[in-house]
Amino acid sequence: MKVIANSGYTAECCRMWGFSDVTPLPLGVSVLSDDDVGAIEVQSHILFVGRLARRKGVGWFVDNVL
């Protein structure tokens, strides 16, 4: 499983929780390349941890990316 974390701190927490394939990707990045995260197998799961708020863009991500 590939984990893309939105900060270095979150990435480190993921590693402490046992995830080994973690890539930090800071907020504001609009384009990912294979160099950034490697090949990602498309799956139908996303885990979001935090408050769901319109300004955080989770709804946009689900509608436009997933």
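Here the structure is a predicted model, which means the values were calculated and not measured. (Residues numbered from 1 in each chain as written. Predicted model: local features only at pLDDT ≥ 70, side-chain atom pairs only at ≥ 80, totals over all residues. Heavy atoms only, no water.)

**Student:** Which parts of the structure should I look at to understand the overall build of the protein?
**Tutor:** What the protein contains, in helices and strands, is three helices and two strands. By residue count, 14% of the 66 residues in the protein fall in the buried class. A separation threshold of at least 6 residues defines the contact pool for the protein, and within that pool the share at least 24 residues apart is 11%. By element, 56% of the accessible surface of the protein is carried by carbon and sulfur atoms, the whole surface being about 5,800 Å². (Helix = DSSP H or I, 4+ residues; strand = E, 2+ residues; numbered from the N terminus. Buried < 20%, exposed > 50% of the residue type's maximum accessible area, 1.4 Å probe, protein only. Contact = heavy atoms within 4.5 Å. Areas by Shrake-Rupley, 256 points an atom, 1.4 Å probe, with all protein chains shown as cover.)

**Student:** Sorry if this is basic, but what is going on with the state of the cysteines here?
**Tutor:** A covalent bond bridging the sulfur atoms of two cysteines is what the word disulfide describes. By the definition in use, this model includes zero disulfides. Of all cysteine sulfurs in the structure, the one in Cys14 sits closest to Cys13, which takes part in no disulfide; the separation is 7.0 Å. (Disulfide = S-S within 2.5 Å.)

**Student:** Please explain the nonpolar core as it appears in this structure.
**Tutor:** Here is a general trend for soluble globular proteins: nonpolar side chains tend to be buried in one another's company. Membership of the largest hydrophobic core is limited to five residues, which are Val3, Ala5, Ala11, Cys14 and Val22. Those residues in contact with Val22 that lie beyond four places of it in its chain are Val3, Ala5, Ala11, Cys14 and Arg15. (Core = buried A, V, L, I, M, F, W, Y, C linked by side-chain atoms within 4.5 Å.)

**Student:** Looking at this model, I keep getting lost on the environment of Asn6. Mind explaining?
**Tutor:** Tracing the chain through its elements places Asn6 in the loop between strand E1 (3–5) and helix H1 (8–16). As for Asn6 and Thr23, which are separated by 17 residues in sequence, their C-alpha atoms are 8.7 Å apart. Looking at Asn6, its side chain comes within polar contact range of the side chain of Thr10, at 3.4 Å. (Polar contact = N/O pair within 3.5 Å; in protein donor to acceptor, adjacent residues only side chain to side chain.)

**Student:** Would you mind showing me how to read the pattern of salt bridges here?
**Tutor:** Side-chain pairs of opposite charge can arise whenever the charged atoms involved come near each other. Taken as a whole and assessed by the stated rule, the structure comprises two salt bridges. Residue Lys2 pairs with Asp21 through a salt bridge whose shortest N-O separation is 3.0 Å. With Lys2 in the segment before E1 and Asp21 in the loop between H1 and strand E2 (22–24), this pair connects stretches of sequence that are 19 residues apart. Look at Lys2 and you get partly exposed, because its relative accessible area is 24%. For Arg15, the salt bridge is made with Glu12, and the minimal N-O distance between the two is 3.7 Å. With a gap of three residues between them, Arg15 and Glu12 both fall in helix H1, about one helical turn apart. According to the relative accessible area criterion, Arg15 is partly exposed, its value standing at 36%. (Salt bridge = Lys/Arg side-chain N within 4 Å of Asp/Glu carboxyl O.)

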